[in-house]
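Fold and geometry: a report
The residues making up each chain are set out below.
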Amino acid sequence: MEQASIKSRLERIRGRIEKSATSCGRDPEDVKLVAVSKTIPAESIQEAIEAGADIFGENYIQEAREKIAVFPSHDVSWHFIGHLQSNKAKYAVKLFDLIHSVDSLKLARELNKQAEKIGKIQQVLIQVNISMETTKSGVAGKDAISLVRDISQLEYLSVQGLMTMPPYYNEPEKTRPYFSELKDLSVSIANMKISNIFMNELSMGMTGDFEAAIEEGATLVRVGTAIFGERY
Ligand SMILES: *Cc1c(COP(=O)(O)O)cnc(C)c1O
């Protein structure tokens, strides 16, 4: 059986994003698609760019450095969505417009230091571990507010919102409560009006559950498999 092209897959996903946004009274323009390109070769990324994808999400610094170098002049934005070690912070601030996975003050301080060195205000999201699974990264929900307060003191970081990765996937009705909890947390933080902290973005939802995430308020959905096919 012939594989659907990246272009037609992207079109289908955009249609689904539009439909779920509209169905809950949201403007589809408020939901951005992050094409998750980890392990995907540059040629496929090129194909996605030609089909209009303009934000790519990468998980591994070394892999991302090599791939991003292939696209110097393209008008695309690169987001880091994987677990980030402090010793890779200096690469992350050079490569990425938005880092979705800040989950400790130690990492935030290192990013702040490296951003200062290159004179950049680094946009970040706070990754929250709503489910409290020990295996996943992310700050515990109960500690998120104090982390945000501490990070608000760091001049070269700008917090744009929250990100989460629920313990399930491909089961939208099981992940939905985690999405709505993240939304509630972002509203609480926004209401605190902490200087230097913005709650504009909610990064949640992947191939198996992005429609539920949109219904619960996602502004960034991170979709890999539905665009590029199964990863090997
Ligand atoms: C791999 C990955 C995704 C994409 O997952 P798919 O199920 O392929 O859409 C989204 N977010 C993060 C953090 C990932 O690591």
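We now turn to the structure provided with this report. (Residues numbered from 1 in each chain as written. Predicted model: local features only at pLDDT ≥ 70, side-chain atom pairs only at ≥ 80, totals over all residues. Heavy atoms only, no water.)

**Regarding a negative patch on the surface**
A surface patch of negative charge is lined by Glu18, Asp27, Glu29 and Asp30. Here aspartate 27 falls in the partly exposed class, since its relative accessible area comes to 40%. (Patch = residues over 30% accessible without salt bridge, like charges linked within 9 Å, V, L, I, M, F, W, Y side chains within 5 Å. Areas by Shrake-Rupley, 256 points an atom, 1.4 Å probe, with all protein chains shown as cover. Salt bridge = Lys/Arg side-chain N within 4 Å of Asp/Glu carboxyl O. Lys, Arg positive; Asp, Glu negative; His and termini not counted. Charge placed at Lys NZ, Arg CZ, Asp CG, Glu CD. Buried < 20%, exposed > 50% of the residue type's maximum accessible area, 1.4 Å probe, protein only.)

**With respect to the pattern of salt bridges**
For the coordinates displayed, the defined rule picks out 11 salt bridges. The salt bridge involving arginine 16 is made with glutamate 211; its shortest N-O contact spans 2.9 Å. Residue arginine 16 is located in helix α1 (residues 6–23), and its partner glutamate 211 is located in helix α8 (residues 210–215); the two are separated by 195 residues in the primary sequence. The exposure class assigned to arginine 16 is partly exposed, which follows from its relative accessible area of 32%. Put simply, arginine 176 and glutamate 215 hold a salt bridge, and the shortest N to O gap is 2.8 Å. A residue pair is termed long-range when its members are at least 10 positions apart, and arginine 176 in helix α7 (residues 172–192) and glutamate 215 in helix α8 qualify at 39 residues. One network of salt bridges, in which partners are shared, links Glu173, Arg176, Glu215 and Glu216. (Helix = DSSP H or I, 4+ residues; strand = E, 2+ residues; numbered from the N terminus.)

**What about the site of the ligand?**
Close contacts around the ligand come from Val36, Lys38, Asn59, Ile81, Met165, Met206, Thr207, Arg222, Val223, Gly224, Thr225 and Arg231, and that covers them all. Side-chain polar atom of asparagine 59 to an oxygen atom of the ligand: 2.8 Å apart, as the coordinates give it. Between the ligand and the protein, one listed contact pairs an oxygen atom with a side-chain N or O atom of arginine 231 at 2.8 Å. When atom positions are compared with the pocket grids, the ligand is found to occupy the largest pocket. When grouped by side-chain class, the residues that make up the shell around the ligand number five nonpolar, four polar and three charged. (Near = heavy atom within 4 Å. Polar contact = N/O pair within 3.5 Å; in protein donor to acceptor, adjacent residues only side chain to side chain. 1 Å grid on protein atoms, 1.4 Å probe; cavity = no way out; pocket = protein on both sides within 12 Å on 5 of 7 lines; lining within 4 Å. Sits in = over half its atoms within 2 Å of the grid points. Nonpolar A, V, L, I, M, F, W, Y, C, P; charged D, E, K, R; others polar.)

**Points about helix α2 (residues 42–50)**
Where α2 is concerned, the buried positions are Ala42, Ser44, Ile45, Ala48 and Ile49. Relative to the axis of α2, the buried residues are bounded by an arc of 160 degrees and lie together on one face. Seen from the open side of α2, the exposed residues pointing more than 90 degrees away from its buried face are Glu43 and Glu50. Where the residues of α2 are buried, they touch α1, β2 (55–58), α3 (61–70), β3 (77–80) and α9 (225–228). Following α2 by one or two positions, glycine 52 has its phi on the positive side, about 100 degrees. (Arc of directions from axis to C-beta. Contact = heavy atoms within 4.5 Å.)

**As for the nonpolar core**
Nonpolar side chains tend to gather and get buried jointly when the protein is soluble and globular. If you look at the biggest cluster of nonpolar residues, it comprises 68 residues, and the most contacted ones within it are Phe56, Phe96, Leu111 and Ile126. Every residue in contact with phenylalanine 56, bar those within four places of it in the chain, is listed here: Val34, Ala35, Ser37, Ile45, Ala48, Ile49, Val76, Ser77, Trp78, His79 and Phe228. (Core = buried A, V, L, I, M, F, W, Y, C linked by side-chain atoms within 4.5 Å.)

**Here we look at the packing of aromatic side chains**
In the structure shown here, the tally under the stated rule is three aromatic pairs. Summarising the aromatic geometry, the rings of phenylalanine 56 and tryptophan 78 are spaced 5.5 Å apart at their centres and angled 35 degrees between planes, so their arrangement reads as tilted. With phenylalanine 56 in strand β2 and tryptophan 78 in strand β3, this pair connects stretches of sequence that are 22 residues apart. The pair phenylalanine 56 / tryptophan 78 is uniform in exposure class, with both members buried. Between phenylalanine 71 and tryptophan 78 the ring centres are 6.0 Å apart and the planes differ by 35 degrees, which places this aromatic pair in the tilted class. The two residues phenylalanine 71 and tryptophan 78 agree in class, both being buried. Among the aromatic residues, those joined into a cluster by ring pairs are Phe56, Phe71 and Trp78. (Phe/Tyr/Trp six-rings, centres within 6.5 Å; stacked < 30°, edge-to-face > 60°.)

**Digging into a positive patch on the surface**
Residues Arg65, Lys90, Lys94 and Lys117 make up a contiguous surface patch of positive charge. Checked against the element boundaries, lysine 90 lands in helix α4 (residues 89–95). Taking relative accessible area as the criterion, lysine 90 reaches 37% and is therefore assigned partly exposed.

**Things to note about the pairing of strand β4 (residues 98–102)**
Here β4 lies mainly inside the structure; five of its five residues are buried. Here two bridges tie β3 to β4, and the two strands are oriented parallel to one another. Bridge pairing in β4 links histidine 79 to leucine 98. With α4 bridging β3 and its parallel neighbour β4, the resulting β-α-β unit is right-handed. (Pairing = 2+ DSSP bridges. Right-handed = clockwise from strand over helix to strand, strands pointing away.)

Note that every value here comes from positions in space, so none of it alone points to a role or purpose.
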